Amino acid sequence: RPHALAWAVLPLLLLLLRSAPAWPPLALLALWANLHASFALGVFLAVLHFAERRQWARAALAGVVPLLNPYGWKLYGFFLGLRDLPLDNLSEFQPFPTDSFPFACLALFMALLAVGLVLKFWREDRVQAADFWNLGRALVLGALGFRAVRFAPVAAVCLMPLVSALWAHGFL
C-alpha cells in the first residue's frame, strides 16, 4: 500500500530534522511529494520543527520544496480536494471502535503523553515556546490518530520521540 511508505519516510524525516543540516530533510520532502499525498504530514512537521527554532526561511522552504513535482502548485490543490471524497465506506478512514484493543493502546499512549506534558508544565518554572509546539503537535496528531485507523500508526511514530524525551527528562 502506498501510504505505508509514509511509515518509512516519516521516521527518516524526523531523524534528519533532528540531526542533519537543513537540506537533507528538504530534499526528502521534495522526493516524498512525488511519491504520495502523505507528504503533507511531513510538510506540517518540518514547518513546525523549523518554526520552533525560529528558522523562518527554512520553514517557508519546507512548504515550497514539495512544489518540485510535475503538477507544481496544483499538488496542494489535489491534496485539499481529497477531503471532499466520500470516505464513509473505507474502513481505514473509520475511527477505531472504542471497545477495541487498538483504541485502548492509542488512548493509553495519548494519556501517557498528556501526563508527561502536564508534569513538564507543572514542574518547570518557565514554559518555553517549544513546549507549546509540542503540545500543538500532540493535539493535532492525537486527533488524527483517533479520527481514522489509517493515521494511528503515523501519530504514534511522530509522537514517540516526544514521549521518549519526556521519559528521559524524568517527567514520566
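Residues numbered from 1 in each chain as written. Predicted model: local features only at pLDDT ≥ 70, side-chain atom pairs only at ≥ 80, totals over all residues. Heavy atoms only, no water.

Asker: Mind laying out the packing of helix 6 (residues 101-123) against helix 7 (residues 129-147), listing which residues take part and the relevant values?
Answerer: In helix packing, the relevant descriptors are the interaxial angle and the interaxial distance, both defined with respect to the helix axes. With their axes 11 Å apart at the nearest point, helix 6 and helix 7 run at an angle of 165° to one another. Judged on the interaxial angle alone, helix 7 and helix 6 are roughly antiparallel. Of the two elements, helix 6 crosses helix 7, and the hand of that crossing is left-handed. Packed against helix 6, whose contacting residues are F103, L106, A107, M110, L113, L117, K120 and F121, the element helix 7 presents D131, L135, A138, G142, G145 and F146 at the interface. Considered class by class, the residues forming the contact of helix 6 with helix 7 number 10 nonpolar, 2 polar and 2 charged. (Axes fitted to C-alpha atoms, helices over the stretch in contact; angles between N-to-C directions. Helix = DSSP H or I, 4+ residues; strand = E, 2+ residues; numbered from the N terminus. Parallel < 35°, antiparallel > 145°, perpendicular 65-115°, else oblique. Left-handed = near helix turned anticlockwise from the far one by under 90°. Contact = heavy atoms within 4.5 Å. Nonpolar A, V, L, I, M, F, W, Y, C, P; charged D, E, K, R; others polar.)

Asker: Give me the lowdown on the packing of helix 3 (residues 39-52) against helix 7, citing residues and values where you can.
Answerer: Taken N-terminus to C-terminus, the directions of helix 3 and helix 7 make an angle of 165°; their axes are 10 Å apart at the nearest point. Taken together, the axes of helix 3 and helix 7 are roughly antiparallel relative to one another. Regarding helix 3 and helix 7, the two cross each other, and that crossing is right-handed. Of the residues in helix 7, those touching helix 3 at L41, F44, L45, L48, A51 and E52 are A130, W133, N134, R137, V140 and L141. For the contact of helix 3 with helix 7, the class distribution of residues is 9 nonpolar, 1 polar and 2 charged.

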